[in-house]
Amino acid sequence: MTLEELSSRQRAFADARAWGPFHTPKNLVMALTGEVGELNELFQWLTPEEAAAAPDDPDARARIEDEMADVLLYLVRLADVLGVDLIAAGNAKIDRNETRFPPGVGRTALER
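First things first, this report covers the structure right here in the doc. (Residues numbered from 1 in each chain as written. Predicted model: local features only at pLDDT ≥ 70, side-chain atom pairs only at ≥ 80, totals over all residues. Heavy atoms only, no water.)

1. A few points about a nonpolar patch on the surface
A cluster of nonpolar residues, Phe13, Trp19 and Phe22, forms a patch on the protein surface that exposes about 310 Å² of accessible area. Turning to its location among the elements, Trp19 is positioned in the loop between α1 (3–16) and α2 (25–43). Taking relative accessible area as the criterion, Trp19 reaches 34% and is therefore assigned partly exposed. (Patch = residues over 30% accessible without salt bridge, like charges linked within 9 Å, V, L, I, M, F, W, Y side chains within 5 Å. Areas by Shrake-Rupley, 256 points an atom, 1.4 Å probe, with all protein chains shown as cover. Salt bridge = Lys/Arg side-chain N within 4 Å of Asp/Glu carboxyl O. Helix = DSSP H or I, 4+ residues; strand = E, 2+ residues; numbered from the N terminus. Buried < 20%, exposed > 50% of the residue type's maximum accessible area, 1.4 Å probe, protein only.)

In structure tokens form, the structure reads like this:
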């Protein structure tokens, strides 16, 4: 399935439930933020090693996948409502980052 097909499916799902009036950019951003928070909660108190191993546990993996799916679906819906091509926007951002952060420079996040 392509991103456009997923977006169309999500749009049809929302339309079938007459959710359009509620899917304003503000509401979708707030919902997206909430879902990112729920994903964050799954990792909040884990050590880096525990976080890396979390997907190995079937129950943890199911929760992680569920929250990641919620984040994806709200982002895709927001992009649809705003008319943003996520693939084009993502590629443009990587292009800008390639200029900002050339390979081999070795700058850390604290040095930026």
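So much for the structure itself; the text now carries on.
2. Examining the packing of α2 against helix α4 (residues 58–82)
Where α2 contacts α4, the axes come no closer than 9 Å and their chain directions differ by 160°. In terms of axis orientation, α2 runs roughly antiparallel to α4. Note on packing geometry: the crossing formed by α2 with α4 is left-handed. For the pair α2 and α4, contact is made by Pro25, Leu28, Val29, Ala31, Leu32, Glu35, Val36, Glu38, Leu39, Leu42 and Phe43 and by Arg63, Ile64, Glu67, Met68, Asp70, Val71, Tyr74, Leu75, Arg77, Leu78, Val81 and Leu82, respectively. (Axes fitted to C-alpha atoms, helices over the stretch in contact; angles between N-to-C directions. Parallel < 35°, antiparallel > 145°, perpendicular 65-115°, else oblique. Left-handed = near helix turned anticlockwise from the far one by under 90°. Contact = heavy atoms within 4.5 Å.)

3. Some details on the environment of Ala52
With respect to the helices, strands and loops of the structure, Ala52 is situated in helix α3 (residues 48–53). Take Ala52: its relative accessible area is 59%, and that puts it in the exposed class. Once the C-alpha coordinates of Ala52 and Glu5 are considered, the two residues, 47 residues apart in sequence, prove to be 31 Å apart.

4. Some words on the pattern of salt bridges
One pass over the structure, following the stated rule, counts four salt bridges. Arg11 serves as the salt-bridge partner of Asp80, at 2.8 Å between the closest nitrogen and oxygen. Placement of the pair is Asp80 in helix α4 and Arg11 in helix α1, with a sequence separation of 69 residues. Across the salt bridge formed by Glu65 and Arg61, the nearest N and O atoms sit 2.9 Å from each other. In this pair, Glu65 and Arg61 are both assigned in helix α4, four residues apart and thus about one turn of the helix distant. Glu65 sits in the partly exposed class, given a relative accessible area of 45%. The network of salt bridges with common partners includes Glu4, Arg11, Arg77 and Asp80.

5. Observations regarding unusual backbone geometry
With phi around 55°, Ala18 is a residue other than glycine that occupies positive phi space. Tracing the chain through its elements places Ala18 in the loop between α1 and α2. Exposure remark for Ala18: the relative accessible area of 52% places this residue in the exposed category.

6. Quick look at α2
Taking 1.5 Å per residue as the helical rise, α2 with its 19 residues ought to reach 27 Å, and the 27 Å between its terminal C-alpha atoms agrees with that figure. For α2, the full list of buried residues reads Leu28, Leu32, Glu35 and Leu39. The buried residues of α2 occupy an angular sector of 65° when projected down its axis, which confines them to one face. Away from its buried face, by an angle of more than 90 degrees, α2 presents the exposed residues Lys26, Met30, Thr33 and Glu41. Buried residues along α2 sit in contact with α4. (Expected span 1.5 Å × (residues − 1). Arc of directions from axis to C-beta.)

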